[in-house]
Every structure is written in structure tokens, then in C-alpha cells.
Amino acid sequence: MAVQTVATSSESTVDLGPAAALSCRECGHRVPLGPVFACEECFGPLEIAYDFSAHDTEELRRRIEAGPANIWRYAPLLPVPADVADKPNLNPGWTKLVKADNLARELGVTGGLYVKDDSGNPTHSFKDRVVAQALEAARAFGFTTLSCSSTGNLAGAVGAAAARAGFRSCVFIPHDLEQGKVVMAAVYGGELVGIDGNYDDVNRFCSELIGDPAGEGWGFVNVNLRPYYAEGSKTLAYEIAEQLGWRLPDQLVVPIASGSQLTKIDKGLQELIKLGLVEDKPYKIFGAQAEGCSPVSTAFKAGHDVVRPQKPNTIAKSLAIGNPADGPYVLDIARRTGGAVEDVTDQEIVDAIKLLARTEGIFAETAGGVTVGVTRKLLQEGLLDPAKTTVVLNTGDGLKTLDAVAGTGLTATIRPTLDSFREAGLA
């Protein structure tokens, strides 16, 4: 079975595999591949249009299954050259899909509960996926400096990828991030710059720098390289389906920062259906936010199509984007698939981090606490079906957000004697 898509390879002037052009998500206007992210006609967001016409389903499946144990097994479906696996890159992906039976029992899930644990990536977050994609675009367009605006995880991923690939890096973060994330971003030797403000202030500054001569030769992975960067999140969808035996899950719970991850997971699932790699069946996507930064959840519950910006105030700093670029598209997907968008308090986040650690031995960062906490809340509200196959995303490692569980510590302090051991009630 071959699938014809809308793009034609003649539109492309660089070698980024099946990527053929950039297409506006709003008006459909098309432009050649390049380091641009906004439509010149309507200012809507640009995304990759592909030519998948050469793919036969069974041949593609065999090629994927024979590929490397990282995201490059899906190179035929990504905006990268065919020889991407031979270039210096962190090679993220193919992380564990953990069957979470203990957590399922605690939550009352009977249909199968899985945690897609992306803390196993090179810098211990899913951001390695998107940066790997952006790095290939930076190479193609001749950039020499890799940069980003970041809430922490992305800064580390960019620093590491740039070091591996021989790029200069200079990344920008809010000045008050968790110390663990600051150290991890700085250790790779690039320049790390704190901005006196929140993430939205950082992002605005980076947009200004792109238009200034000082930013010449800079590839901002989540700004002027955003269409390519965002495609890295599709690989989560590909992996989940393949690890389930080429089946779609019934329900997914996905954290929301900018909202791009959720929208691209949906795009990836739709591509798998169109290519015939999985059976076409309904699935529901649920979005998860922290109450202290919940603009998408607030809009969803109010029945609005417009997402009003909020000033973040939450321990889940990796999700603290008060003006999420893909917020309206998240609303569309949640409603189209029959899902929902929910939020949890900071205390519920901490409780969920501990619950996942206690039941499955997975120490999630605060974003993972958000998804697990929202999963529990959705089940209590009757919005998530406990009899359906459910996948929950953990996008980062708890060692990066130790402050969130700082009250956790020693069970007891005893003398080195058996009597003391017994006196402490540990026998």
C-alpha cells in the first residue's frame, strides 16, 4: 500500500528527506523549506509538509523494525537526510514503555496502564527528541550557533547536542529555574544566560534577537527552527504504537507547556493511520496542566476557543508557559478525540510524583507528577475509562526537580545495633 500526500519534492531546496515544503496550519500557504516559522500571508504557524508517496506499508514496517534503537528508525517519516544516523548526534528515543500494573491497581485501571518514560533520554527529558530534529535543520541551513528559550530541560538538551555536534551554544532561561536544571544546562560548556523575567519574557527576547544582526547565524530550535523541532515529538507517537505491537492506545495523557508535544503526538498517530501501519480506530487525547499555569485547561472547561494568557505560579516550571503557542490546537484535538484538559494543584503534583515512585520505581520530575495527578483526577471524574488501554507520559527525570520533594528523607536514624533497629520499629 502506498500513500500519496500533498507535497511534491520539487518544492524542496535542501535535503531533509521526505520533507517537501512548509505549509501554514491556518491558511495552507506553502513556502520552500527554510528557517522560518510564521506564514507571510496570515502569520499562522508553519509546519512540515511531506511526500510519503514512495512508501509501501509492509516495506516501511520492515525498515523501521530493522532500524537503530533510537528515533532514527523513523527517519523515512521525519525531516532529516537519509544518512542522519551516521552524523554526530545524541541519538535519543526508543525509551521504555513501562506496563504500570502496580499503579493501575492503585488507580483502579483494568484495561492496561502504561508509562512512556522519557527520562531515559541522553539528558533525561523528551527535549532530546526535538533538539535532535532541530540540529539536522541547523546543519542543512548552515547555522553555526544553536540557541533556545527554555524552562530548563530544553537548555540542557541544546547544550548537550551542540557539544556533541561541534556547534557553539548560547541558551536563555528564566533566572529563577531549579538549580539542578541550571547546572545540567551549564555543564556542557556553552553559554547559559538568565533573563530577569518568566519564560514568556525569555521567548520574546529571543524573537527580537533573531531579527537583529547579533543573531545572524543562530538557529533558535524553538523559534526559527520550530517547524522542524516540533516534529521530534511525533516519535513518541510512533514508539508508543510500535511498542504496543503496532496498535493505537485508547487513551493518552500528555503534559502541556506550549502544547506542541500534544499536537504532534496526534499528528504522528494520524500519519501512522494514513500509512496503514496501524488500524484506524478512535483514540482520546487528554491534556494535563498545573493549576498554577493552566490557560488551556481554563479555556477548555469554559468552552472557549481562545486561550487567555496567565502568569505562571507553580512548582511545575517545565510546564510554566503562560501563553502557549499551540493552546488553541490542543483544544481542537481534545474536543475532536473526545478527550479533555485538566489541571492539578502543586500538592497533587507532589503526591503523584511519590505515587509513581512508590508503585513503579519511576522518579518523575514535576511534569510527570502533573500527568499522573491529572490521570488520577480524570478517573475520579469519570472522564477517563478505566477499562481502556491508557498511556501516560513522563517527560523528565525527578533528579532535576528535587526541591519539589525536599521533605522526603530518612525513615529513622538509629545506632548501629540490633536493639536500636528494633526500638525504631523496623524489625
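Before any of the text, the structure's been laid out above.
Residues numbered from 1 in each chain as written. Predicted model: local features only at pLDDT ≥ 70, side-chain atom pairs only at ≥ 80, totals over all residues. Heavy atoms only, no water.

Asker: Which residues make up the pattern of salt bridges, and what values go with them?
Answerer: Per the counting criterion, the structure on display carries 27 salt bridges. A salt bridge links Arg-25 to Asp-326; the nearest nitrogen and oxygen atoms lie 3.4 Å apart. Residue Arg-25 is located in the loop between strand S1 (19-24) and strand S2 (30-31), and its partner Asp-326 is located in the loop between helix H10 (295-302) and helix H11 (327-337); the two are separated by 301 residues in the primary sequence. Overall, Arg-25 belongs to the partly exposed group, its relative accessible area being 24%. In this structure, the salt-bridge partner of Asp-118 is Arg-129, at a minimum N-O distance of 2.7 Å. Remark: Arg-129 occurs in helix H3 (residues 127-140) and Asp-118 occurs in the loop between strand S5 (113-117) and H3; sequence separation between them is 11 residues. The exposure class assigned to Arg-129 is buried, which follows from its relative accessible area of 0%. (Salt bridge = Lys/Arg side-chain N within 4 Å of Asp/Glu carboxyl O. Helix = DSSP H or I, 4+ residues; strand = E, 2+ residues; numbered from the N terminus. Buried < 20%, exposed > 50% of the residue type's maximum accessible area, 1.4 Å probe, protein only.)

Asker: Tell me what's going on with the pairing of strand S10 (residues 251-255), and back it up with residues and numbers.
Answerer: S10 sits mainly inside the fold: five of its five residues count as buried. As paired elements, S10 and strand S11 (residues 284-290) share five bridges and run parallel to each other. Bridge pairing links Val-253 to Phe-286 in S11. As a crossover connection, the stretch from S10 through helix H9 (residues 260-274) into S11 is right-handed. In this sheet, strand S13 (residues 390-394) lies alongside S10 in parallel orientation, the contact comprising three bridges. (Pairing = 2+ DSSP bridges. Right-handed = clockwise from strand over helix to strand, strands pointing away.)

Asker: I'd love a proper account of the side chain of Thr-401, names of residues and values included.
Answerer: The residue Thr-401 is located in the loop between S13 and helix H14 (418-423) in this model. The class of Thr-401 is buried, set by a relative accessible area of 4%. Setting aside anything within four residues of it in sequence, one finds Thr-401 in contact with Glu-178, Lys-181, Glu-365 and Thr-366. (Contact = heavy atoms within 4.5 Å.)

Asker: Hey, could you go over the state of the cysteines for me, with residue numbers and the actual values?
Answerer: According to the stated counting rule, one finds zero disulfides in the structure shown. Note on Cys-39: no disulfide assigned, nearest cysteine sulfur contributed by Cys-27 at a separation of 3.7 Å. In this structure Cys-170 is a free cysteine whose sulfur lies 8.6 Å from that of Cys-206, the closest cysteine sulfur available. Look at Cys-170 and you get buried, because its relative accessible area is 5%. (Disulfide = S-S within 2.5 Å.)

Asker: Give me the lowdown on the sheet that holds strand S4 (residues 97-99), citing residues and values where you can.
Answerer: Ordered by their spatial adjacency, six strands build an open sheet running S4-S5-S13-S10-S11-S12, and the pairing between neighbours is mixed. Of all the strands in the sheet, the pair left with one neighbour each is S4 and strand S12 (341-344). Sheet twist, expressed as the mean angle between neighbouring strand axes with direction ignored, is 25°. Its contacts with the sheet place H9 against S10, S11 and S13, and it is angled at close to 150° to S10. The strands touched by H11 within the sheet are S11 and S12, with S11 carrying the most contacts at an inclination of about 135°. (Axes fitted to C-alpha atoms, helices over the stretch in contact; angles between N-to-C directions.)

Asker: Can you lay out unusual backbone geometry for me, pointing to particular residues and giving the numbers?
Answerer: Residue His-124 is not a glycine yet carries a positive backbone phi of 65°. Position of His-124 among the secondary structure elements: in the loop between S5 and H3. Judged by its relative accessible area of 32%, His-124 is partly exposed. Look at Trp-246: it is not a glycine, yet its phi comes out positive at around 60°. Counting through the fold element by element, Trp-246 comes out in the loop between helix H8 (234-243) and S10. For Trp-246, a relative accessible area of 12% translates into the label buried.

Asker: Now, about the packing of aromatic side chains: what can you tell me, with residues and values included?
Answerer: Inspection of the entire model under this criterion finds six aromatic pairs. Centroid distance Tyr-50 to Phe-52: 4.9 Å. Interplanar angle 20°. Geometry classified as stacked. Classification of Tyr-50 as buried rests on a relative accessible area of 5%. Accessibility expressed as a relative area gives 5% for Phe-52, which makes it buried. Between Tyr-74 and Tyr-238, the aromatic rings sit 5.1 Å apart at their centres with planes inclined by 50°, giving tilted as the arrangement. In this pair, Tyr-74 sits in the loop between helix H1 (57-65) and S4 while Tyr-238 sits in helix H8, placing the two residues 164 residues apart along the sequence. The same class applies to Tyr-74 and to Tyr-238, which are both buried. (Phe/Tyr/Trp six-rings, centres within 6.5 Å; stacked < 30°, edge-to-face > 60°.)

Asker: Give a description of the sheet that holds strand S7 (residues 168-174) that names residues and reports values.
Answerer: The four strands lie next to each other as S8-S7-S6-S9, forming an open sheet whose pairing is parallel. This sheet does not close on itself; its edge strands, each paired only once, are strand S8 (191-195) and strand S9 (218-220). Each neighbouring strand pair of the sheet contributes to a mean axis angle of 20°, computed without reference to strand direction. In terms of strand pairing, strand S6 (residues 145-149) meets S9 through three bridges, oriented parallel. Across the sheet, the residue bridging to Thr-145 is Trp-218, located in S9.

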